[in-house]
Every structure is written in structure tokens, then in C-alpha cells.
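# Summary of the model geometry
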Amino acid sequence: MSQVHHTIDYIEINVSDMATARAFYERAFGWAFNDYGPTYSGIRAASGDGEVGGLNGTGTPGPGGPLVLLFSDDLDATVSAVEAAGGTVTSRPYEFPGGRRFEFSDPSGNVLGVWATH
């Protein structure tokens, strides 16, 4: 995986329970992880080459940090996956100039967003 100057390279998400957080992100988005002990899991890049972030079990989770936005090919299916995995939709899908998006909180209380072009 090659890094690109001035682009987001890694996102670290603080979690209160590693097992619950991993299960949530695996079920909702199909993410895979590299384990580095009981308090840290690296988020594998979709390409399988490298990592794009990590779950940190030693930080303090909660809303108010940077808003991480994920992309979805099917926003409504992603809403369903988030809810089925135990997340809480905090802002239902809405239109914006680039498409549609929604926001949710994960089981640790982190708030993230998901967007789609339609």
C-alpha cells in the first residue's frame, strides 16, 4: 500500500470493549483485523495491503472527535447492517450536495458517518 501526500492515512478509533468493537465492525462493514495484543487491533486495508487504521482499547472513546466518513455503494443496506450489528443511527439518511449520508454511534459511543453518491 502506498501513501499519498496530504490524504487520510490512518484512523484510530478508541473503544471501550475490544471484542464488542471488533464484532460490530466485522458485522456492519466486513472489516478484517490484525491483532497486536488484547488492547489493539489494526484495521486491514480493503486491498489486503497494509492497514488504514486501528481500534485502540486504551484510549477514551466518545463523540466529539474527528468525524470519520465511510463510503457505501448501498446506503440503505449499510444503515440496516449498522443497526443489526448493534450500532445506533443518530442521524437518518439525508441528502447533501455530494449524495446521501447518515451518522451512527458504535457500541463504544464513537460517532461516524457513511455516505453514498446516490
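Data block above holds the structure.
These numbers were taken from a predicted model, which means no experiment stands behind them.

## Some words on the packing of aromatic side chains
- Counted under the stated rule, the structure contains eleven aromatic pairs.
- Plain terms: the ring middles of Phe-24 and Phe-104 are 5.9 Å apart, the flat faces sit at 45 degrees to each other, and that makes the pair tilted. Here Phe-104 lies in strand S7 (residues 99-105) and Phe-24 lies in helix H1 (residues 18-29), a separation of 80 residues in the sequence. No difference in accessibility class separates Phe-24 from Phe-104, as the two residues are buried.
- Ring pairing ties together the aromatic residues Phe-24, Tyr-25, Phe-29, Trp-31, Phe-102 and Phe-104, which thus form one cluster.

## A short note on the packing of H1 against helix H2 (residues 75-84)
- Following both chains from N to C, one finds H1 and H2 inclined at 155 degrees, their axes separated by 8 Å at the closest point. Regarding the angle of H1 to H2, the classification is roughly antiparallel. Taken as a pair, H1 and H2 cross one another with a handedness that is right-handed. Contacts between H1 and H2 involve Phe-24, Arg-27, Ala-28 and Phe-29 from the former and Thr-78, Ala-81, Val-82 and Ala-84 from the latter.

## Description of the nonpolar core
- Core analysis: the biggest nonpolar cluster contains 23 residues, and Ile-13, Phe-24, Tyr-25, Trp-31, Leu-55, Phe-102 and Phe-104 have the highest contact counts within it.
- Where this core is concerned, the elements lending two or more residues are H1, strand S5 (68-71), H2, S7 and strand S8 (111-116).
- Ranked by residues supplied to this core, first place goes to H1 with five residues.
- Setting aside residues up to four positions removed in sequence, Leu-55 forms contacts with Ile-13, Val-15, Met-18, Ala-21, Arg-22, Tyr-25, Phe-33, Thr-39, Tyr-40, Ser-41 and Ile-43.

## A short note on the side chain of Asp-106
- Topologically, Asp-106 is positioned in the loop between S7 and S8.
- For the buried residue Asp-106, which engages in no salt bridge, the nearest side chain bearing the opposite charge is Arg-22, 13 Å off.
- Setting aside its immediate chain neighbours within four residues, Asp-106 contacts Ile-13, Phe-24 and Tyr-25.

## Some remarks on H2
- Considered for burial, the residues of H2 that qualify are Leu-75, Thr-78, Val-79 and Val-82. Looking straight down H2, one finds its buried side chains confined to an arc of 105 degrees; they lie on one side.
- Among the structural elements, H1, strand S6 (88-96), S7 and S8 are those in contact with the buried residues of H2.
- Gly-86 occupies a position one or two residues after H2 and carries a positive phi of about 105 degrees.

## With respect to the sheet that holds S6
- Taken together, the four strands give an open sheet; going across it, the order is S5-S8-S7-S6, and neighbouring strands pair in mixed fashion. Strand pairing shows two members of the sheet lacking a second neighbour, S5 and S6, which therefore form its edges. Going across the sheet, the axis of each strand differs from the next one's by a mean of 25 degrees, ignoring polarity.
- Here S6 runs beside S7; their pairing, made up of six bridges, is antiparallel. Each residue of the ladder has a partner; that of Ser-91, found in S7, is Glu-103.
- Here H2 sits on the sheet and contacts S6, S7 and S8; the angle it forms with S7, its principal contact strand, is near 5 degrees.

Calculation notes
- Residues numbered from 1 in each chain as written.
- Predicted model: local features only at pLDDT ≥ 70, side-chain atom pairs only at ≥ 80, totals over all residues.
- Heavy atoms only, no water.
- Phe/Tyr/Trp six-rings, centres within 6.5 Å; stacked < 30°, edge-to-face > 60°.
- Helix = DSSP H or I, 4+ residues; strand = E, 2+ residues; numbered from the N terminus.
- Buried < 20%, exposed > 50% of the residue type's maximum accessible area, 1.4 Å probe, protein only.
- Axes fitted to C-alpha atoms, helices over the stretch in contact; angles between N-to-C directions.
- Parallel < 35°, antiparallel > 145°, perpendicular 65-115°, else oblique.
- Left-handed = near helix turned anticlockwise from the far one by under 90°.
- Contact = heavy atoms within 4.5 Å.
- Core = buried A, V, L, I, M, F, W, Y, C linked by side-chain atoms within 4.5 Å.
- Lys, Arg positive; Asp, Glu negative; His and termini not counted.
- Salt bridge = Lys/Arg side-chain N within 4 Å of Asp/Glu carboxyl O.
- Arc of directions from axis to C-beta.
- Pairing = 2+ DSSP bridges.

Everything listed here is a matter of coordinates, which is why it stays silent on function.
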